[in-house]
Amino acid sequence: MSDDFSARLNLPYLAAGQMQKHLTLNTVLTRLDALLQTAVVSRKTAIQPADASDGDLYILPGEAEGSVWAGRPAGTLMRFEGGGWTTVTTPDGMIACVLDEVVVVVRAHAGWIALGQRLGEVQGLTRLGLGTSADEANSLAAKINAALFTARGEEEGGDGDLRLTLNKATAGDVLSLLFQSGYAARAELGLIGDDDLSLKACDDAGTWRSVWRVDRATGRIGFDQGAVRRETTLFTSDDDYALPAWARWVEATCVGGGGGGAAGLAGPAGAPRLGGGG
């Protein structure tokens, strides 16, 4: 332990019998002003700004330029005050808000990292919004374009499986996935008011219709609106017919027309004579 500086923040101590103690005290207060509730202007600015304001803090990126910034390691915290730049000692675990990115970073041995990387575990949250705001009705809300869930392999301490478990309190409750278009309901899949898996569809008028249901006791599926697909192909001349992949049987109806009758047989008047068959 140093007799001249504090262990973590490197703040200078006042010495017994020291002259002009206010200078040392002001140095401590200036450094604390940078270290407490640290707000950094940017961590991307590579050229030393000429119009910095007193108190401005910058985290230097790699290969920073300027009379004072040049040659300093990436991640150095710089403070401007009184017309000059000074470096600020940043202990491990220091938290800073980066104003131009609206993110919070933490000082680690490897540099400044995102707060989430350092936390490791977050418990007891009541609301979480990703790209949007969660509310009382939607404790978890996400406004994103894609999401990925992937299993943790054995080499990472997992078993390679991935199972999402959704649970409801009682059989009479609803456990479902509700599909919407423009926030208008279009379909619902799940355990909807009972314990049988079912699918329902909704038209533009808001009318729901049951599509199918799986009886959990027997595993049999029933289609409320029917499940037979029919397609009619009309041939008016000779042609080839390709059986669709979905077809399970073919029903053929043949309609034919007879030919015209031939002239009647010749014979004497009054005698019966037959004409040609059609």
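Preceding this section is the structure that the text describes.
Rules used throughout
- Along each chain, residue indices are assigned from 1 in the same order as the chain's sequence is written.
- Since the coordinates come from a predicted model, pLDDT governs what is reported: local features require at least 70, and pairs of side-chain atoms require 80 or more to be given and counted, while whole-chain, interface and lining totals use all residues.
- Note: side-chain values were computed over all heavy atoms of the structure, leaving out hydrogens and water.
- Cavity means a closed set of points on a 1 Å grid over the protein atoms alone, one where a 1.4 Å probe fits but cannot get out, pocket means an open set with protein on both sides within 12 Å along at least 5 of 7 lines, and lining means a residue has an atom within 4 Å of a point.
- Grid points are joined across faces, edges and corners, and a volume is the space filled by probe spheres set on the points.
- Nonpolar residues are Ala, Val, Leu, Ile, Met, Phe, Trp, Tyr, Cys and Pro. Charged residues are Asp, Glu, Lys and Arg, and all others, Gly as well, are polar.
- Whether two aromatic rings pair depends on their centres lying within 6.5 Å, for rings of Phe, Tyr and Trp, where Trp uses its six-membered ring; planes under 30 degrees apart make the pair stacked, over 60 edge-to-face, and the rest tilted.
- A run of DSSP states H or I qualifies as a helix once it reaches four residues; a run of E qualifies as a strand once it reaches two. Both are numbered from the N-terminal end.
- Each residue is assigned to one of three classes by its accessible area relative to the maximum for its type, calculated with a 1.4 Å probe on protein chains only: buried under 20%, partly exposed between the two thresholds, exposed over 50%.

Peer 1: Tell me about the layout of surface pockets, and please be specific about residues and values.
Peer 2: Space inside the largest pocket adds up to approximately 760 Å³. Glu231, Thr232, Thr233, Val250 and Glu251 are the residues nearest the centre of the largest pocket, which is lined by 21 residues in total. The residue inventory of the lining of the largest pocket, partitioned by class, reads 13 nonpolar, 3 polar and 5 charged. Empty space within the second largest pocket amounts to approximately 200 Å³. In terms of lining, the second largest pocket is formed by Ala142, Ile144, Ala147, Phe149, Leu164, Leu166 and Leu177. Looking at side-chain class alone, the lining of the second largest pocket contains 7 nonpolar, no polar and no charged residues.

Peer 1: So what about the packing of aromatic side chains? Which residues, and what values?
Peer 2: Taken as a whole, this structure holds 5 aromatic pairs when the rule is applied. Where tyrosine 58 meets tryptophan 69, the ring centres are 5.4 Å apart and the plane angle is 55°; that geometry is what we call tilted. Of the two residues, tyrosine 58 sits in strand β2 (residues 57-59) while tryptophan 69 sits in the loop between β2 and β3 (77-81), which places them 11 residues apart along the sequence. On the accessibility criterion, tyrosine 58 (8% relative accessible area) is buried. Owing to a relative accessible area of 0%, tryptophan 69 belongs among the buried residues under this scheme. Pairwise contacts between aromatic rings join Tyr58, Trp69, Phe80 and Trp85 into one cluster.

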